[in-house]
Amino acid sequence: MKKIGVLTSGGDAPGMNPAIRAVVRKAIFNDMEVYGVYGGYAGLIKGDIKKLELGSVGDIIHRGGTMLLSARCPEFKSREVQQIGIEQLNAHGIEGLVVIGGDGSYMGAKALTEQGYPCVGVPGTIDNDIPGTDFTIGFDTALNTVIDAIDKIRDTATSHDRTFVIEVMGRNAGDIALWAGLAGGAETILIPEENYDMNNIVERLRKGQERGKKHSIIVVAEGVCSGVDFAKQLKELTNNDIRVSVLGHMQRGGSPSAQDRVLASRLGARAVELLMEGKGGRAVGIENNKLVDYDIIEALEQRKHKIDLDLFNLSKVLSI
Ligand code: ADP
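All values reported here derive from a predicted model rather than from experimental measurement.

Trainee: Help me understand the site of the ligand, please; the structure alone is not making it clear to me.
Mentor: The full set close to the ligand counts 16 residues, and Arg72, Cys73, Asp103, Ser105 and Arg171 are the nearest of them. Within the backbone of Gly11, a nitrogen or oxygen atom sits 3.0 Å from an oxygen atom of the ligand. A distance of 2.5 Å is found between an oxygen atom of the ligand and a side-chain nitrogen or oxygen belonging to Ser105. Across the complex, the protein chains shield 86% of the 560 Å² of accessible surface that the ligand would expose by itself. For the shell around the ligand, the leading source of residues is helix α4 (residues 103-114), giving 5 residues. Taken together, the residues of the shell around the ligand break down into 4 nonpolar, 8 polar and 4 charged.

Trainee: Explain the packing of helix α5 (residues 139-160) against helix α6 (residues 175-183) to me, please; I cannot follow it from the model alone.
Mentor: Two numbers describe a pair of packed helices, the interaxial angle and the distance between the axes. For the pair α5 and α6, interaxial distance at closest approach is 9 Å and the crossing angle is 50°. The orientation of α5 relative to α6 falls into the category oblique. Crossing of α5 against α6: the hand is right-handed. Residue-level inspection shows Phe139, Ala142, Leu143, Val146, Ile147 and Ile150 of α5 in contact with α6, the latter providing Asp175, Ile176, Trp179, Ala180 and Ala183. Grouping the amino acids of the contact of α5 with α6 by side-chain chemistry returns 10 nonpolar, no polar and 1 charged.

Trainee: What's the story with the sheet that holds strand β7 (residues 188-190) in this structure? I'm lost.
Mentor: In a beta sheet, neighbouring strands are held together by backbone hydrogen bonds and run either parallel or antiparallel to one another. On the basis of which strands lie adjacent, the open sheet formed by 4 strands has the order β7-β8-β6-β9 and parallel pairing. The outermost strands of the open sheet, each flanked by one partner alone, are β7 and β9 (242-246). Neighbour-to-neighbour, the strand axes of the sheet open up by a mean angle of 15°, direction not taken into account. Taken together, the 5 bridges between strand β6 (residues 163-168) and β9 define a ladder with parallel strand orientation. Within the sheet, the bridge partner assigned to Val165 lies in β9 and is Val244. Packing of α6 onto the sheet brings it into contact with β6, β7 and β8 (216-221), and relative to β7 it is tilted by some 170°.

Trainee: Looking at this structure, I do not really get the sheet that holds strand β1 (residues 3-8). What am I missing?
Mentor: Ordered in space as β3-β2-β1-β4-β5-β10-β11, the 7 strands form an open sheet in which the pairing is mixed. Single-partner strands in this sheet number two, and they are β3 (49-52) and β11 (290-295). Taking the axes of each pair of neighbouring strands and ignoring which way they run, one obtains an average angle of 30° across the sheet. In terms of strand pairing, strand β2 (residues 33-37) meets β3 through 4 bridges, oriented antiparallel. Across the sheet, residue Val37 finds its bridge partner in β3, namely Ile49. Packing of α4 onto the sheet brings it into contact with β4 (96-101), β5 (119-123) and β10 (282-287), and relative to β5 it is tilted by some 165°.

Trainee: Is there a simple way to explain the pattern of salt bridges in this structure?
Mentor: Pairs can form between side chains of opposite charge once their charged atoms are near each other. Taken as a whole and judged by the stated rule, the model has 20 salt bridges. For Asp127, the salt bridge goes to Arg171, with nearest N and O atoms at 3.7 Å. In this pair, Asp127 sits in the loop between β5 and α5 while Arg171 sits in the loop between β6 and α6, placing the two residues 44 residues apart along the sequence. Residue Arg171 is classed as partly exposed on the basis of its relative accessible area, which comes to 43%. One salt bridge in this structure joins Arg243 and Asp241, with 3.4 Å as the shortest N-O distance. In this structure Asp241 comes out as partly exposed when scored by relative accessible area, which is 30%. Among the charged side chains, a network of salt bridges with common partners joins Lys26, Arg270, Glu273, Glu277, Lys279, Arg282 and Asp293.

About the criteria used
Residues numbered from 1 in each chain as written. Predicted model: local features only at pLDDT ≥ 70, side-chain atom pairs only at ≥ 80, totals over all residues. Heavy atoms only, no water. Near = heavy atom within 4 Å. Polar contact = N/O pair within 3.5 Å; in protein donor to acceptor, adjacent residues only side chain to side chain. Areas by Shrake-Rupley, 256 points an atom, 1.4 Å probe, with all protein chains shown as cover. Helix = DSSP H or I, 4+ residues; strand = E, 2+ residues; numbered from the N terminus. Nonpolar A, V, L, I, M, F, W, Y, C, P; charged D, E, K, R; others polar. Axes fitted to C-alpha atoms, helices over the stretch in contact; angles between N-to-C directions. Parallel < 35°, antiparallel > 145°, perpendicular 65-115°, else oblique. Left-handed = near helix turned anticlockwise from the far one by under 90°. Contact = heavy atoms within 4.5 Å. Pairing = 2+ DSSP bridges. Salt bridge = Lys/Arg side-chain N within 4 Å of Asp/Glu carboxyl O. Buried < 20%, exposed > 50% of the residue type's maximum accessible area, 1.4 Å probe, protein only.

Written out as structure tokens, the structure is:
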């Protein structure tokens, strides 16, 4: 392939910019031309496509968000609309497309691939919920943001003897809640992958209070329930002074961490290598710190992202 395209789609994630940079620089290093598709699949069907040069991706490695912008485009689920996307790519002579995004974006890349247009998926989402990779680009930065918030909330929780319920993102996955809860020393972590027992949570709070612990941090993944509803329920059962903090979209912003920049650089460059080898229809990832790639259709249909339940059990032991 001599001409490739790159787009970012779905929820943005810190680290998308270093991934775009890696795609562009790796391609130009190998004498390929690169085109940026602006605004995800919505921009693709409108033909919002521009050639990118080495300088186009200068000074973005440390910036959050995505210079190519992102969008939701529900109509891209239709085959006719996907065909328009393929026509736009063909009109620019673009032979393959790197799609940086989450599982919805992967579905779009899979659909194009099934229609004979080669795409490579790069996992970019803070949720860490993509099959075929241990980590997604953006997860580490989001974790650091959440831990920073937990640490600050802990200061005020301690001063006022309060229980805090902190609701974090992650869609249907509990990875952000689990990792940030463990790293932030949360007393209780609720994830959608495991049922919880309210009586048990109340009992743990009571036992903690008996041994003189006056504050407590409970991290709730958004995929479990709303933090506000959970706090209401807990207040009725304990009569504790309970406050809620819903962290929200701040978790999607910020300068990407070193870990995310390195991951994005490796995965972006690997995606280009695959297209150079003429291999479309792949999804790149990292497993046990080694770069891997899977058939994108197989990855989505047969693999499943699994949360690390050993970590969950460890968090219970350490928050005794
Ligand atoms: P994310 O990629 O972060 O999971 P979304 O789930 O919103 O975000 O998906 C991003 C975009 O991917 C959607 O707006 C749509 O354009 C495209 N997409 C999602 N699901 C499909 C599908 N089944 N077929 C084709 N395109 C899809």
